[in-house]
Amino acid sequence: MVPFSILDLSPVAEGSTISQSFDGSKRMAQKAEELGYNRFWLAEHHGMPGVASAATSVVIGHVGAATSRIRIGSGGVMLPNHSPLVIAEQFGTLEALFPGRVDLGLGRAPGTDMRTAQALRRNIDAGAQSFPQDIVELQHLFSPADDNQIILAVPGHGANIPIWLLGSSLYSAHLAAMLGLPYAFASHFAPEALMDAIAIYRERFTPSATLDKPYVMVGAMGAVAETDEEAQYHFTSAQQQFVNLRRNVRGPFPRPRRDMDEFWTPMEKLNVENTLRYAVVGSPATAEAKLSQFIKDTEADEVIISMPIHDIEARLKSVELFATLPSFKKVS
């Protein structure tokens, strides 16, 4: 048994509004807290009509205000899109509003296409190259202020917010190990380097002031329903979304469909199924078999699940059914 957490993107479902997306995120966080999930994280993406969590810290505040115990945070904030001071102030504010509940997960990717990244960062290469230094600067900004310190994060200084490193490559594994940070691997959409990355992280981990031994969280897409057929039906929305990303088709999060063969080509099917190889889709029995093997293979300390389901009621039902699995460790 390991703690389960939820990664949410505030999906803008086809036929719904952005306001409804934020209400869905709130309801998911409330349900997750009620059932004993550990964290509810939101991800930074930009320029995607199907994703509403671009202003990530704002949406974290929204779900934080609707809950009282569950940890809230980012999975993640794409740090090169921002100055460390801005993030320190934003998350220092969140920590002041929701003491002891806030996590800051950091990523290096743009979370968008290159043109939008250019509009966000102005200098894309410089942002990515300074990622390690920006993390160290952010840690300093969260530390208690020195008497002679000129740049202060207010709110932020002295907050000591837990920083996580997120990644989908061996680079992130090396960096998380070197800095002694907890590590979350994006195996829900980038499975190729998973086993090598967590092996490197564990082997090279250096204890730090915040963490004395490695801590690994692994990601999985998920859709659990009463039957395998119903769960697979709901998961076709995510499959369509991945095909649309590769086709450069921008639109809201698609409705599920009964027959995917009418939508994708054989090559697209192969690519999506490979990308989503760790997806946990099915009835509770099917989901437990897949998830327990995933936990065994990775020896993960925690699992974070993204539930890309179009219908909010079906999404909430999936949150509920995941919590009934024998692998689920309830957090009080």
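What counts, and where the lines are drawn
- Residues numbered from 1 in each chain as written.
- Predicted model: local features only at pLDDT ≥ 70, side-chain atom pairs only at ≥ 80, totals over all residues.
- Heavy atoms only, no water.
- Buried < 20%, exposed > 50% of the residue type's maximum accessible area, 1.4 Å probe, protein only.
- Helix = DSSP H or I, 4+ residues; strand = E, 2+ residues; numbered from the N terminus.
- Pairing = 2+ DSSP bridges.
- Axes fitted to C-alpha atoms, helices over the stretch in contact; angles between N-to-C directions.
- Parallel < 35°, antiparallel > 145°, perpendicular 65-115°, else oblique.
- Left-handed = near helix turned anticlockwise from the far one by under 90°.
- Contact = heavy atoms within 4.5 Å.
- Nonpolar A, V, L, I, M, F, W, Y, C, P; charged D, E, K, R; others polar.
- Core = buried A, V, L, I, M, F, W, Y, C linked by side-chain atoms within 4.5 Å.

Structural notes on the pairing of strand β9 (residues 302-306)
With 5 of 5 residues buried, β9 is to be regarded as a mostly interior element. Judged from the 4 bridges that link them, strand β1 (residues 2-8) and β9 form a sheet pairing that is parallel. Residue pairing in the sheet places Phe 4 in a bridge with Val 303 of β9. Two elements, strand β7 (residues 216-224) and β9, share 5 bridges in a ladder whose sense is parallel. Bridge pairing links Ala 220 to Ile 305 in β9.

Points about the packing of helix α7 (residues 170-179) against helix α8 (residues 194-204)
In contact at an axis separation of 8 Å, α7 and α8 are set at 20 degrees when each is read in the N-to-C sense. By the angle class used here, α7 and α8 are roughly parallel. Seen along the crossing, α7 lies across α8 with a hand that is right-handed. Between α7 and α8, the contacting residues are Leu 170, Ala 173, His 174, Ala 176 and Ala 177 on the first element and Asp 196, Ala 197, Ile 200, Tyr 201 and Arg 204 on the second. Counted by class, the contact of α7 with α8 contains 7 nonpolar, 1 polar and 2 charged residues.

Focus: the nonpolar core
In terms of nonpolar packing, the biggest core is built from 89 residues, with Phe 4, Tyr 37, Phe 91, Leu 104 and Phe 322 touching the most fellow members. Considering each element in turn, this core owes the most residues, 6 residues, to β7. Discounting chain neighbours no more than four positions away, the residues touching Tyr 37 are Phe 4, Ser 5, Ile 6, Ala 32, Ile 70, Met 307, Ser 318, Val 319, Phe 322, Ala 323, Phe 328 and Val 331. Counting residues in hydrophobic clusters, the runner-up holds 8 residues, among them Leu 7, Trp 41, Leu 166 and Ala 184.

Read these as geometric descriptors, not functional statements.
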